[in-house]
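Okay, here's what each chain looks like letter by letter:
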Amino acid sequence: MRYLVTARVKPGREAELLKAIEDGTLGAGSVAGDEYLRNMEQARLCNNGSLRWVEVCFCAEPLQEERPYWEEYFDFVRVQDAHARHRCRDLNGTEPWACCDCDCTEKLEARMTTWGEPFLEVLRSAAPSQ
């Protein structure tokens, strides 16, 4: 299933988050692998300061496995279905693991490009120069 995640970076965690993204350790140890880095590449920073991204998750409870990794850096505002559950081929049982190759995320992320700014660009530009 796909979820539209709305979150805020925890105060003071921006530099550590950027480091984890840059060195590829964000989500290290998770079964979701590189999904965390892909999420941050696609995430959008909205005008109200919240961050939004699409998360693919196969857990019985949304983000059950991913939550501890995200909560190190983020406070969740909302986690909602990204599309109608009855249309999810994985969830309705017509095609197990369908979310791996489904174009739902791509379509939603294409629409999201008009929402705010690319989060990773904003995070990098706010980082102190080294």
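Refer to the preceding data block for the structure.
In this convention, every chain numbers its residues from 1, walking through the sequence in written order. Since the coordinates come from a predicted model, pLDDT governs what is reported: local features require at least 70, and pairs of side-chain atoms require 80 or more to be given and counted, while whole-chain, interface and lining totals use all residues. Side-chain metrics in this entry use all non-hydrogen atoms of the structure; hydrogen atoms and water are not considered.

Draft legend 1. Inspection of helix α1 (residues 14-22) at higher detail. Three exposure classes are used, based on accessible area relative to the maximum for each residue type with a 1.4 Å probe and protein chains only: buried under 20%, partly exposed in between, and exposed over 50%. Secondary structure counts use DSSP, requiring at least four H or I residues in a row for a helix and at least two E residues in a row for a strand, with both numbered from the N terminus. Within the sequence span of α1, burial applies to Leu17, Leu18, Ala20 and Ile21. An end-on view of α1 places all buried positions within 160 degrees of arc, on one side of the element. Opposite the buried face of α1, by more than 90 degrees, sit the exposed residues Ala15 and Lys19. Note on contacts: a residue pair is in contact if any heavy atoms of the two residues lie within 4.5 Å. Check the buried side of α1 and you find it contacts β1 (2-9), α2 (35-42), β4 (74-81) and α5 (119-126). Two residues or fewer past α1, Gly24 is found with a positive phi of approximately 75 degrees. Picture the helix axis, draw a direction to every C-beta atom, and the arc is the one those directions span.

Draft legend 2. Fine view of the nonpolar core. We define a nonpolar core as any set of buried Ala, Val, Leu, Ile, Met, Phe, Trp, Tyr and Cys residues linked to one another through side-chain atoms lying within 4.5 Å. Core analysis: the largest hydrophobic core is formed by 25 residues, its most contacted members being Leu17, Ile21, Leu26, Met40, Trp53, Phe74 and Phe119. Counting residues per element, the ones that place at least two in this core are β1, α1, α2, β3 (51-56) and α5.

Draft legend 3. Spatial organisation of the sheet that holds β1. The five strands lie next to each other as β4-β1-β3-β2-β5, forming an open sheet whose pairing is antiparallel. Edge positions in the sheet fall to β4 and β5 (117-118), since each of these pairs with one other strand and no more. A pair of strands is treated as paired once DSSP finds two or more bridges between them. With two bridges connecting them, strand β2 (residues 44-45) and β3 associate as antiparallel partners. Bridge pairing in β3 links Leu45 to Leu51. Against the sheet, α2 engages β2, β3 and β4, with an angle of about 145 degrees to β3. Where helices are involved, their axes are fitted lines through C-alpha atoms of the stretch in contact, as for all axes, and angles between N-to-C directions lie from 0 to 180°.

Read these as layout, nothing more, since geometry by itself doesn't imply function.
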